[in-house]
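Structural overview for review
Given next are the chains, with one letter for each unit.
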Amino acid sequence: MSRFVYSVEMLAFLEVGFKLWRLPRLTEEFNKWFGTEKTQNQIKACLNNHKITSGRDPGLQPGERELKYSDEQITWLKRSFKKMSVKELTPLFNSKFDLSESVNQVKAFLKNHGITSGRTGHFKKGQESWNKGMKGLQIGGEETRFKKGSTPPNRKPIGSERICKKDGYIYIKVAERNPHTGHPTRYRLKQRYLWEQHHGPIPKGMTVAFRDNDKTNCDIENLMLISRAQLAMINRFGLANSPAEMKDTTILFADLTMKLKAA
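Residues numbered from 1 in each chain as written. Predicted model: local features only at pLDDT ≥ 70, side-chain atom pairs only at ≥ 80, totals over all residues. Heavy atoms only, no water.

Let us now look at the pattern of salt bridges. Counting across every chain of the model gives seven salt bridges. Among the salt bridges present, the one from Lys190 reaches Glu161, with a minimum N-O distance of 2.7 Å. Taken as a pair, Lys190 in helix 7 (residues 190-199) and Glu161 in strand 1 (residues 161-163) lie far apart in primary sequence, 29 residues in all. In this structure, the salt-bridge partner of Asp248 is Arg211, at a minimum N-O distance of 3.3 Å. Of this pair, Asp248 sits in helix 9 (residues 247-262) while Arg211 sits in the loop between strand 4 (206-210) and strand 5 (223-227); the two residues are 37 residues apart in sequence, bridging distant segments of the chain. Judged by its relative accessible area of 23%, Arg211 is partly exposed. When salt bridges with common partners are traced through the structure, they connect Glu176, Arg186, Arg188 and Glu196 into a single cluster. (Salt bridge = Lys/Arg side-chain N within 4 Å of Asp/Glu carboxyl O. Helix = DSSP H or I, 4+ residues; strand = E, 2+ residues; numbered from the N terminus. Buried < 20%, exposed > 50% of the residue type's maximum accessible area, 1.4 Å probe, protein only.)

Take a look at the structure:
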């Protein structure tokens, strides 16, 4: 029986893929892409023969770390989540237990362990709204009404920011004409706005992503330009949340798999 020879493309796939996946997943993906039926032992032998390493600590999945909350910490999270949002409880959680968890890490833990707040945002059956029966009521009288041409005191100045409750991104108010309303100011995604301030217009088909996966960390060093095609491939393989130090590798992997698919 002739010895199987791994092509340059196969070795490149293994070198990049092993930095992202452990052996079982790597073997599965390798067979899927190259139409082979390699066993884990065969892939392992190839890795050893070509001195291909993962760079990970033994026993850890790509991007994971030792994260084991104590029973006391879990109980505190369950109790606190019923009273406040993840964004509110995270700094309190870190302060109480001397940790440095991000909002996304705490949110992921709650979701993965089925811990819910119990809040729905809806009125309970039989509960009356505060303004029931007050239709047409003018609170404060004539002197409190806005005059034509006056500026509301709650109008946000240029540079004001808000976090969208739906997608978690930061939006910043900028002095740019709104193409939809014609208004001289508009809100834009902060990461895209800052990227353009430092690097110029974002090319068509490209988007700005976060190296550490934190949508609220818009430090220019944390931002990266990536094509939507690369992002789609990364999402397809479930690598969107890979850690910051692995981001360049995941992009390289996306490029490689797209090249192999097109071949």
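Having seen it, we continue.
Bringing the packing of aromatic side chains into the picture now. Applying the stated criterion across every chain, the model contains twelve aromatic pairs. Note on Trp33 and Phe237: the rings are 5.9 Å apart at their centroids and 25° apart in plane angle, and the pair reads as stacked. Of the two residues, Trp33 is situated in helix 2 (residues 23-34) and Phe237 in the loop between helix 8 (228-236) and helix 9; the sequence distance between them amounts to 204 residues. Residue Phe237 is classed as buried on the basis of its relative accessible area, which comes to 4%. Of the aromatic side chains, those joined through ring pairs into one cluster are Phe4, Tyr6, Phe13, Trp21, Phe30, Trp33, Phe34, Phe237 and Phe253. Over the ring of Tyr187 we find Arg162; its NZ or CZ atom is 4.5 Å from the centre of that ring. (Phe/Tyr/Trp six-rings, centres within 6.5 Å; stacked < 30°, edge-to-face > 60°. Lys NZ or Arg CZ within 6 Å of the ring centre and 35° of its normal.)

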